[in-house]
Amino acid sequence: MIQKQDILRRGPWTWEIPASHRSDMRVPVRLFADERLLEDALGDASLEQAVNASTLPGLVSHVTVMPDVHQGYGFPIGGVAATLLPDGIISPGAIGYDINCGVRLLASRVPIAKAQPHLRTLASALYANCPSGVGVKGSVPLTTKELDRVCREGARWAKRSGYAQEGDLEATEEDGAIDGADPESVSARAKERGRPQLGTLGAGNHFIEVDVVDQIFHKDAARAMGLEEGCLVIQIHCGSRGFGHQVCSDYVHDFHGAAARYGIRLPDRELVCAPLSSPEGGRYQAAMGSAANYAFANRQILAHHVRRSFEQALGGKGSDTGLHQVYDIAHNMGKVEVHQVDGRPTRVCVHRKGATRAFGPGFEGLPPRYRPLGQPVLVPGSMGTASWVLLGTAGSMELSFGSTCHGAGRRMSRHQAKRTVRGDRLRQQLEEAGIIVIAGSLPGLAEEAPKAYKDVDAVVEVVSQVGIAAKVARLRPVAVIKG
Amino acid sequence: MPGGGFEEIEHTADWALRVHGTDLADLCRQAATGMLQLAGAEPADGPTRVESLVFTEADAEGVLVRWLEEVLYGLEVRRVVPVAMRLRSHGEVRLEGDMTLAPLARLEKAIKAVTFHALKVTPTKNGCEATIVFDV
């Protein structure tokens, strides 16, 4: 385990494990945290995993660790690593099984005061219309050929099929479709798992949440995003379902052979990888792109069902119930981007696992209304606590390969949460606090208890102070739907 | 767990099981039993069927992961749960045998994947052991 004495303080919120800490490290590990969050990170294997990640071939600069970091498998959740093209590696385990797990935010002009009497109806409509839970099937019948189109076109496929509104795609990372996706690189088994699940939320930590804009910190950005204090917004958090899980599993197996062929030695088998320029690396990128596009389409279909639910519950009640998309962003992804390395623009593959892209002002890929401000960043908190809307900054481009935090980050194991929290009691406590909860599984609810997570406000304070994101708005939950 | 068995151990985000077996085949059987318990998988009344299996992988860890993935696939896609497992291992690279599969009545938790994270099948005086982390 990494000890506090192994870590150097580089600034008020910046800590570093130098590359000299272990002989196989290629770059240092840099952590952004306050004292409390640092203690949390030291409390599990997060930093050991970050040190393991720092041994991957082709890394540049440093491995970044976000304040919401927690132990994962192989690569820590809340980790960012950039590898040089063409000879650096790509690692499926450093992206995660839930490829393009991400968050979408829809905003309304419905004031909470007007919506309050109808919130339970809204929550019930969301639960009824958005398929959720373990083993649930979606309502989108797909042939294998049609699934291949989803893989290539992502949210564009969803728009063509009537699930998107004008403006949705441009308010989605990569306009909702990753270039280079190729379903030929995806196994039959992944397609079999993914075909019935399109348009489903799933279970675990995935959710749909109705929030109120509680406080605005950046008026211009909030205006550009259509966020109004006291009005309802809705978050959708999910990913590529069994399709992405199988793609990752398949390539973790395949890459064991590849790592041996390319003479890559690893401290943890879950970090298996292949050179970006190799045939194996190319196939994984094409498959990962397919899973990412599946996830974009999945969240787009769920957004359609959210809009239907909103209209069913609040339509004709005297408010404009139109929901516009603020943004949709991935937090498990590997992407080829250009960043400054040693003062030169350099093409790198940025692995973000439990970390959000946070590009600063001027990024061409943003809709015109966001371009002067920076990219919207969506940071869901734990169930029952605040969530945040942030902006990417010039600082994130300098310090963290255009990345920032992705959530609150767990501090308690699921096992411990189940031992100390009862799902029915938790639901009652949340209801007493004014938060409606509809959940398919009470033990599952207990595992996601707020006390199992870090303080999201503290996490956001760190990224704000470090300068890798800027605060726009704080959201307060009023209804949560979980599988 | 003098011979075989499993116990859940702490992991911040995911699930982890420490599993003991008298040999690799028993380890695989115990691991599947533990995974099914974690997932809350319950068989339904109804006709069962027996299916045979053979896996050859590069090493014991590969065999263990591949076997558990096969059980997961049965739960998620085929909606079947093994109610009996008769497995034999040949060295560290081959697993064969058969499973009696029942229709799945209930699945409480979703497991996304079986990982290789820090996975090592190590010999013990009673057989072997491994710690498996599941992504959930």
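Reading the values: rules and limits
Residues numbered from 1 in each chain as written. Chains lettered and ligands numbered in written order. Predicted model: local features only at pLDDT ≥ 70, side-chain atom pairs only at ≥ 80, totals over all residues. Heavy atoms only, no water. Helix = DSSP H or I, 4+ residues; strand = E, 2+ residues; numbered from the N terminus. Rg over C-alpha atoms; globule rule 2.2 N^0.38 Å. Buried < 20%, exposed > 50% of the residue type's maximum accessible area, 1.4 Å probe, protein only. Lys, Arg positive; Asp, Glu negative; His and termini not counted. Charge placed at Lys NZ, Arg CZ, Asp CG, Glu CD. Pairing = 2+ DSSP bridges. Axes fitted to C-alpha atoms, helices over the stretch in contact; angles between N-to-C directions. Contact = heavy atoms within 4.5 Å. Buried area = accessible area lost by both parts, 1.4 Å probe. Salt bridge = Lys/Arg side-chain N within 4 Å of Asp/Glu carboxyl O. Polar contact = N/O pair within 3.5 Å; in protein donor to acceptor, adjacent residues only side chain to side chain. Nonpolar A, V, L, I, M, F, W, Y, C, P; charged D, E, K, R; others polar. 1 Å grid on protein atoms, 1.4 Å probe; cavity = no way out; pocket = protein on both sides within 12 Å on 5 of 7 lines; lining within 4 Å. Points joined across faces, edges and corners; volume = space filled by probe spheres on them. Disulfide = S-S within 2.5 Å.

Novice: For this particular structure, what's the right way to read the overall build of chain B?
Specialist: Of the regular secondary structure elements, chain B holds two helices and nine strands. Relative to its length of 136 residues, chain B is compact, with a C-alpha radius of gyration of 14 Å against a globular reference of 14 Å. When its C-alpha atoms are laid out on the principal axes, chain B stretches across 40 × 35 × 25 Å. Expressed as a percentage of its 136 residues, the buried residues of chain B come to 55%.

Novice: Explanation requested: the overall build of chain A in the structure shown.
Specialist: Along the backbone of chain A there are 15 helices and 19 strands. In terms of overall dimensions, chain A is globule-like: its C-alpha atoms have a radius of gyration of 21 Å, near the 23 Å expected for 483 residues. Structurally, chain A occupies a C-alpha span of about 65 × 50 × 50 Å along its principal axes. Burial analysis of chain A (483 residues in total) assigns 65% to the buried set. Between the averaged position of the 55 positive side-chain charges in chain A and that of its 51 negative side-chain charges there is a distance of 3 Å.

Novice: Would you explain the sheet that holds strand β2 (residues 14-17) of chain A in this entry?
Specialist: The strands making up a sheet associate through hydrogen bonds between their backbones, and the pairing can be parallel or antiparallel. Residues and elements named next belong to chain A. As summarised here, the arrangement of the seven strands in space is β1-β2-β3-β4-β5-β13-β12, forming an open sheet in which the pairing is mixed. Two strands in the sheet have a free side with no partner beyond their single neighbour: β1 (8-11) and β12 (332-341). Averaged over all pairs of adjacent strands, the angle between their axes in this sheet comes to 40 degrees, without regard to strand direction. As judged from the four bridges shared by β2 and strand β3 (residues 29-32), these two strands associate in the antiparallel manner. Looking across to β3, one finds that Trp15 is bridged to Leu31. Contacts between helix α2 (residues 46-53) and the sheet are confined to β2, β3, β4 (63-73) and β5 (75-84), with β4 contributing the most and set at about 110 degrees to the helix.

Novice: Help me understand the interface of chain A and chain B, please; the structure alone is not making it clear to me.
Specialist: Quoted interface sizes are often the accessible area lost when the parts come together. Taken together, the contact pairs 38 residues of chain A with 33 residues of chain B. Interface of chain A and chain B: buried area, both sides summed, is about 3100 Å²; carbon and sulfur atoms make up 49% of it. A per-residue breakdown of the area chain A buries against chain B is headed by A:Val134, A:His253 and A:Arg269, which together make up 21% of the total. Inspection of the chain A/chain B interface yields six salt bridges. A salt bridge links A:Arg189 to B:Glu70, with the shortest nitrogen-to-oxygen separation between them at 3.1 Å. Linking chain A with chain B are 14 residue pairs in polar contact (both at pLDDT 80 or more). Among the secondary structure elements, those contributing two or more residues to the side of chain A that touches chain B are β4, α7 (188-194), α9 (241-261), α12 (414-420) and α14 (442-447) of chain A. The element that contributes the greatest number of residues to the side of chain A that touches chain B is α9(A), accounting for six residues. A per-class count over the side of chain A that touches chain B returns six nonpolar, 18 polar and 14 charged.

Novice: Whenever I open this one, the side chain of A:Arg410 confuses me. Can you help?
Specialist: With respect to the helices and strands, the residue A:Arg410 is situated in the loop between β17 (403-404) and α12. When its relative accessible area of 3% is taken as the criterion, A:Arg410 is described as buried. Separated by 3.1 Å, the side chain of A:Arg410 and the backbone oxygen of A:Met412 make a polar contact. A distance of 3.4 Å separates polar atoms of two side chains, one belonging to A:Arg410 and the other to A:Tyr453. Among all residues touching A:Arg410, those that are not within four sequence positions of it are A:Val69, A:His70, A:Ala417, A:Glu447, A:Glu448, A:Ala452, A:Tyr453, A:Lys454, B:Thr12 and B:Ala13.

Novice: Where do I start with the layout of surface pockets in this structure?
Specialist: Where empty space is left in the structure can be found by rolling a water-sized probe over the atoms. Approximately 540 Å³ is the volume attributed to the largest pocket. For the largest pocket, the lining is made up of 37 residues, of which A:Val134, A:Ala203, A:Gly204, B:Lys109 and B:Ala110 are closest to its centre. Contributing elements (two or more residues each) for the lining of the largest pocket: α9 and α14 of chain A together with α2 (60-78) of chain B. Here the lining of the largest pocket is built from residues that sort into 13 nonpolar, twelve polar and twelve charged. For the second largest pocket, the calculated volume is near 370 Å³. Taken together, 17 residues make up the lining of the second largest pocket; nearest its centre are A:Glu174, A:Ile178, A:Asp179, A:Lys335 and A:Val336. For the lining of the second largest pocket, the elements supplying multiple residues, two or more each, are α10 (279-314) and β12 of chain A. Partitioned by chemical class, the residues of the lining of the second largest pocket number seven nonpolar, five polar and five charged.

Novice: Hey, could you run me through α2(A) in this one?
Specialist: Each α-helix winds once per 3.6 residues, and so residues spaced three or four apart point in a common direction. Residues and elements named next belong to chain A. In terms of burial, α2 is largely enclosed, as seven of its eight residues are buried. What α2 keeps buried is the set Ser46, Leu47, Gln49, Ala50, Val51, Asn52 and Ala53. Considering only its buried residues, α2 is in contact with β2, β3, α1 (35-42), β4 and β5.

Novice: Can you help me understand the state of the cysteines in this one?
Specialist: With the rule as written, the count across this model stands at zero disulfides over all chains. Among the cysteines around A:Cys349, which has no disulfide bond, A:Cys273 carries the closest sulfur, lying 11 Å off. For A:Cys349, a relative accessible area of 1% translates into the label buried. No disulfide involves B:Cys128; its sulfur sits 8.3 Å from that of B:Cys28, the nearest cysteine. Judged by its relative accessible area of 9%, B:Cys128 is buried.

Novice: Before we go on, may I ask you to explain the pattern of salt bridges in this structure?
Specialist: In a structure, side chains of opposite charge can pair up when their charged atoms sit close to one another. Under the criterion given, the structure shown has 51 salt bridges over all chains. As a salt-bridge pair, B:Glu51 and B:Arg78 come within 2.5 Å of each other at their nearest N and O atoms. A residue pair is termed long-range when its members are at least 10 positions apart, and B:Glu51 in strand β4 (residues 49-56) and B:Arg78 in helix α2 qualify at 27 residues. One continuous salt-bridge network, built from bridges that share partners, spans A:Arg410, A:Arg414, A:Glu447, A:Glu448 and B:Lys109.

Novice: Is there a simple way to explain empty space enclosed by the protein in this structure?
Specialist: Residue and element names in this part refer to chain A. All chains considered together, the criterion is met by two cavities of 30 Å³ or more. Roughly 510 Å³ of internal volume is contained in the largest cavity. Lining the largest cavity are 32 residues, with His70, Asn205, His237, His406 and Tyr453 sitting closest to its centre. Looking at the lining of the largest cavity, its residues break down into eleven nonpolar, twelve polar and nine charged. Here the second largest cavity defines a volume of roughly 30 Å³. Forming the walls of the second largest cavity are Glu173, Ala330, His331, Met333, Lys335, Arg352, Ala355 and Arg357. Residue composition of the lining of the second largest cavity, by class: three nonpolar, one polar and four charged.

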